[in-house]
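# Close look at the chain arrangement
Given next are the chains, with one letter for each unit.
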Amino acid sequence: MCGRSSLETTTHHLIPRGEGGSHLPTAQLCKACHKMIHAMYTNRDLVILGLTTIPALQQDSAIAAYLGWNRKQPAGAKPRVKKSARVRGRKE
């Protein structure tokens, strides 16, 4: 998603498993991008806001700002991720 190469990836369910996406399409994301998506939005938010495709995620203003920064990081960098107040304050 961020365009960096040679990174370890994780599987991201485009529609979260808890929202019925267990057997639906997934995407391979670098760990930093995957963590940031879930730090910014709850699983419910991802569905409600329509952030269920890579293009939709890339066009989201908050995620786009992060991606712009993350693209400039060296491949070995492991950015710290802190859950947003929005996610900390809501239960799934």
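The rules we used
Residues numbered from 1 in each chain as written. Predicted model: local features only at pLDDT ≥ 70, side-chain atom pairs only at ≥ 80, totals over all residues. Heavy atoms only, no water. 1 Å grid on protein atoms, 1.4 Å probe; cavity = no way out; pocket = protein on both sides within 12 Å on 5 of 7 lines; lining within 4 Å. Points joined across faces, edges and corners; volume = space filled by probe spheres on them. Helix = DSSP H or I, 4+ residues; strand = E, 2+ residues; numbered from the N terminus. Nonpolar A, V, L, I, M, F, W, Y, C, P; charged D, E, K, R; others polar. pLDDT = per-residue confidence, 0-100. Core = buried A, V, L, I, M, F, W, Y, C linked by side-chain atoms within 4.5 Å. Buried < 20%, exposed > 50% of the residue type's maximum accessible area, 1.4 Å probe, protein only. Contact = heavy atoms within 4.5 Å. Salt bridge = Lys/Arg side-chain N within 4 Å of Asp/Glu carboxyl O.

Quantified by volume, the largest pocket comes out at close to 280 Å³. Top contributing element to the lining of the largest pocket by residue count: helix α1 (residues 31-40), with three residues. For the lining of the largest pocket, a count of residues per class yields six nonpolar, one polar and five charged.

Right, let's get into the confidence of the model for the protein chain. The predicted coordinates of low-pLDDT regions are not to be read in fine detail. Chain-level statistics for the protein chain give a pLDDT mean of 88 and a share of 97% at 70 or above. The lowest-confidence element of the protein chain is helix α5 (residues 85-88), averaging 76 in pLDDT; the highest-confidence one is helix α3 (residues 54-59), averaging 96.

Met 1, Cys 33, Ile 37, Leu 57, Ile 63, Tyr 66 and Leu 67 are the most contacted members of the largest nonpolar core, which totals 21 residues. Listed by contribution, the elements that provide at least two residues to this core are β2 (26-30), α1, α3 and α4 (61-70). The element best represented in this core is α1, accounting for six residues. When residues no more than four places from it in sequence are discounted, the contact partners of Ile 63 are Met 1, Ile 37, Met 40, Tyr 41 and Leu 57.

For the structure on display, the rule yields two salt bridges. Between Glu 8 and Lys 31 there is a salt bridge, with its nearest N and O atoms 3.3 Å apart. Pair noted here: Glu 8 is in the segment before β1 (9-13) and Lys 31 is in helix α1, with a separation of 23 residues, a long-range link. Overall, Lys 31 belongs to the partly exposed group, its relative accessible area being 38%. Linking Glu 19 and Arg 44 is a salt bridge whose minimum nitrogen-to-oxygen distance equals 2.8 Å. Residue Glu 19 is located in the loop between β1 and β2, and its partner Arg 44 is located in helix α2 (residues 43-48); the two are separated by 25 residues in the primary sequence. With relative accessibility at 28%, the residue Glu 19 sits in the partly exposed group. Arg 44 sits in the partly exposed class, given a relative accessible area of 40%.

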